[in-house]
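# Chains, contacts and geometry: an overview
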Amino acid sequence: MSDASASQQIDDIVRRTAGWRGERLSQLRALIRGADPAVIEEVKWKKPSRPEGVPVWSHDGIVCIGEALKNAVRQTVRAIEFHEGDAINGSALKALILEGARLNRS
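In short, a report on the structure. In this text, all values refer to a predicted model and were calculated from it rather than measured experimentally. (Residues numbered from 1 in each chain as written. Predicted model: local features only at pLDDT ≥ 70, side-chain atom pairs only at ≥ 80, totals over all residues. Heavy atoms only, no water.)

Counting its secondary structure elements, the protein contains three helices and five strands. Ordered by position from the N terminus, the helices and strands of the protein form the series α-α-β-β-β-β-β-α. Expected size for 106 residues packed as a compact globule is a radius of gyration near 13 Å; at 13 Å, the protein falls within 12% of this value. Considering the protein as a whole, with its 106 residues, one finds that 41% of them fall into the buried category. Looking at the protein as shown, the accessible area adds up to about 6,100 Å², and 51% of this sits on carbon and sulfur atoms. Across the protein, 16 positive and 14 negative side-chain charges occur, with their mean positions spaced 3 Å apart. (Helix = DSSP H or I, 4+ residues; strand = E, 2+ residues; numbered from the N terminus. Rg over C-alpha atoms; globule rule 2.2 N^0.38 Å. Buried < 20%, exposed > 50% of the residue type's maximum accessible area, 1.4 Å probe, protein only. Areas by Shrake-Rupley, 256 points an atom, 1.4 Å probe, with all protein chains shown as cover. Lys, Arg positive; Asp, Glu negative; His and termini not counted. Charge placed at Lys NZ, Arg CZ, Asp CG, Glu CD.)

Okay, here's the thing in structure tokens:
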């Protein structure tokens with residue numbers, strides 16, 4: 001799958017994610033892409049219960065995922081859940097993204 005195709009699919013996922021979760025996913029996506037301009041967007045794990053798949057950001061391996069749950073937007077397997085109204089510490093999140101990419105390279 002080409003990067004443009006995956007990015008377009010993530011655009012669609014963000015648009016179809018209702019309310020604050022879609023807004024939050026869009027904010028997190030912008031922070032991830034701003035933290036690491038070399039990050040690659042992918043869509044993985046398409047299945048009948050989630051035909052659109054899950055947004056994934058990779059740099060020499062998966063750095064994080066953006067999974068919209070019923071009451072949260074989850075990132076990474078060691079999850080950080082962002083609930084409605086939660087503040088995002090952008091600089092801390094960017095540092096985690098860069099550290100994930102660095103660990104993938106080591």
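It is worth spelling out the sheet that holds strand β3 (residues 62–68) at this point. Sheet architecture is open: five strands sit in the order β1-β2-β3-β4-β5, paired in antiparallel fashion. Every interior strand has two partners, whereas the edge strands, β1 (40–44) and β5 (80–82), have only one. When the angles between neighbouring strand axes are averaged without regard to direction, this sheet yields 20°. In this sheet, β3 lies alongside strand β2 (residues 54–58) in antiparallel orientation, the contact comprising three bridges. Its bridge partner being in β3, V56 is matched across the sheet by I65. Across the sheet, helix α2 (residues 19–35) is in contact with β1, β2, β3, β4 (73–75) and β5; its angle to β4 comes to roughly 25°. (Pairing = 2+ DSSP bridges. Axes fitted to C-alpha atoms, helices over the stretch in contact; angles between N-to-C directions. Contact = heavy atoms within 4.5 Å.)

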